[in-house]
Amino acid sequence: MAGSSLLTLIDDIATLLDDVALMTKIAAKKTAGVLGDDLALNAEQVSGVKADRELPVVWAVAKGSLLNKVFLVPGALAISYFLPWLIIPMLMLGGLFLCYEGFEKVAHKYLHSADEDKAHRAELEAAIDDASVDMVAFEAKKIKGAIRTDFILSAEIIVITLGTVAGAPLVTQLAVLITIALAVTVGVYGIVAGIVKLDDLGFYLNAKKGVSAWISFQKKLGHWIILAAPYLMKGLATVGTIAMFLVGGGIISHGIPVLHHLIEGAETKAEMLPAVGSILGALTPTLLNFGIGIVAGALTVAVVSLGQKIFNKEK
């Protein structure tokens with residue numbers, strides 16, 4: 001009996017772990033849009049500090065991120081247990097927020113001139129070079145801002161993950177949420193640390209001395225890393241914005257039955273086309289979700305902007 005019970009327990013644990021692994025994979029896929037934005041935003045947040053303080057600042061933000069998730073994970077579980085009906089509205093709000101943030105980024109790019117961005121960058125560089133500026137307070141402000149940004153993005157990730165595991169047992173929900181929370185924190189801030197020190201690696205390799213083929217290769221590699229680092233940041237921001245529209249639009253379309261059925265119908269019709277049907281059928285849901293994300297973002301930005309104008313006018 002004891003052996004049988006032990007085998008049953010092992011089987012139950014194996015099944016649970018298998019469920020956790022599967023749901024974690026699905027949740028990670030659904031939160032990809034937020035992760036791309038998380039990477040770009042946090043790497044940008046810690047820019048503007050001195051080179052020898054970049055890693056300590058990243059570590060401070062990472063600790064703040066873990067603390068954020070210590071509050072968010074139990075909160076998500078409490079909602080799942082006591083107020084399960086609230087999960088779908090929260091998911092929809094999270095999707096709208098993703099679309100809003102993505103559209104606001106696009107709008108900012110076209111509504112603000114390059115001179116304004118240069119002026120902001122010059123202000124950061126001047127603060128670093130100015131001996132009268134309290135760098136401890138400057139760093140603390142940067143860290144506080146990054147942790148606040150992380151809280152919003154982490155809340156989105158936790159809510160999306162919660163929607164993925166909503167029907168699972170409480171233990172499975174807890175395991176998936178903890179796994180995603182830890183993986184996101186370690187993954188994002190590990191990569192952020194690598195990104196902010198990438199230019200240092202480039203300068204290190206470029207400064208190599210010697211005439212051998214290996215040294216020459218390292219110098220060239222360092223040179224290309226220095227040139228590529230700024231474009232990597234821009235690329236991350238662009239990919240993150242696109243993913244936000246895709247993920248946000250997907251959440252909204254799944255939450256509104258009419259849109260979901262329209263997308264399914266469009267996918268079926270696309271698959272029936274000769275020669276290109278299979279390709280178009282696979283692309284149709286992605287393109288439609290992307291379009292829904294853009295429209296939802298534009299509408300949300302318009303509503304928020306109008307609300308701000310009315311509030312400021314009354315004030």
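Residues numbered from 1 in each chain as written. Predicted model: local features only at pLDDT ≥ 70, side-chain atom pairs only at ≥ 80, totals over all residues. Heavy atoms only, no water.

Caption draft 1: Molecular detail of the overall build of the chain. A tally of helices and strands in the chain yields 11 helices and 0 strands. Across the chain, helices and strands are ordered from the amino to the carboxyl terminus as α-α-α-α-α-α-α-α-α-α-α. Residues counted as buried form 36% of the 315 residues belonging to the chain. Look at the contacts in the chain between residues 6 or more apart in sequence, and 79% of them connect residues 24 or more apart. For the chain, the computed accessible surface area is about 18700 Å², with 72% contributed by carbon and sulfur atoms. (Helix = DSSP H or I, 4+ residues; strand = E, 2+ residues; numbered from the N terminus. Buried < 20%, exposed > 50% of the residue type's maximum accessible area, 1.4 Å probe, protein only. Contact = heavy atoms within 4.5 Å. Areas by Shrake-Rupley, 256 points an atom, 1.4 Å probe, with all protein chains shown as cover.)

Caption draft 2: Representation of the packing of aromatic side chains. This model, assessed by the stated rule, comprises 4 aromatic pairs. Plain terms: the ring middles of tyrosine 81 and phenylalanine 82 are 4.9 Å apart, the flat faces sit at 85° to each other, and that makes the pair edge-to-face. By relative accessible area, tyrosine 81 is classed as exposed at 57%. Given the relative accessible area of 62%, phenylalanine 82 is considered exposed. (Phe/Tyr/Trp six-rings, centres within 6.5 Å; stacked < 30°, edge-to-face > 60°.)

Caption draft 3: A look at the confidence of the model for the chain. When the pLDDT values of the chain are averaged, the result is 76; 73% of them are 70 or greater. Across the chain, helix α10 (residues 257-271) holds the top mean pLDDT of 90, while helix α1 (residues 2-30) sits lowest at 47. When the criterion is pLDDT under 50, residues 1-17 qualifies, and its contacts beyond four places in sequence or with other chains add up to 2 contacts. (pLDDT = per-residue confidence, 0-100.)

Caption draft 4: Just the packing of helix α9 (residues 213-255) against helix α11 (residues 277-314), in detail. Where α9 contacts α11, the axes come no closer than 7 Å and their chain directions differ by 95°. In terms of axis orientation, α9 runs roughly perpendicular to α11. Of the residues in α11, those in contact with Ile242, Phe245, Leu246, Gly249, Gly250, Ile252 and Ser253 of α9 are Thr286, Asn289, Phe290, Ile292, Gly293, Ile294 and Ala296. Across the contact of α9 with α11, the residue classes break down as 8 nonpolar, 6 polar and no charged. (Axes fitted to C-alpha atoms, helices over the stretch in contact; angles between N-to-C directions. Parallel < 35°, antiparallel > 145°, perpendicular 65-115°, else oblique. Nonpolar A, V, L, I, M, F, W, Y, C, P; charged D, E, K, R; others polar.)

Caption draft 5: Spatial organisation of the side chain of glutamine 173. Secondary-structure assignment places glutamine 173 in helix α7 (residues 170-196). Since its relative accessible area comes to 3%, glutamine 173 is described here as buried. A distance of 2.9 Å separates the side chain of glutamine 173 from the backbone oxygen of alanine 168, its partner in a polar contact. Once you skip the residues sitting within four places of it in the chain, glutamine 173 turns out to touch Leu77, Ser80, Leu162, Val165, Ala166 and Ala168. (Polar contact = N/O pair within 3.5 Å; in protein donor to acceptor, adjacent residues only side chain to side chain.)

Caption draft 6: Representation of the environment of phenylalanine 97. Mapping phenylalanine 97 onto the fold places it in helix α4 (residues 87-111). Assessed through its relative accessible area of 29%, phenylalanine 97 is described here as partly exposed. Separated by 55 residues in sequence, phenylalanine 97 and isoleucine 152 place their C-alpha atoms 9.8 Å apart. When neighbours within four sequence positions are excluded, phenylalanine 97 is seen to be in contact with Ile152 and Glu156.

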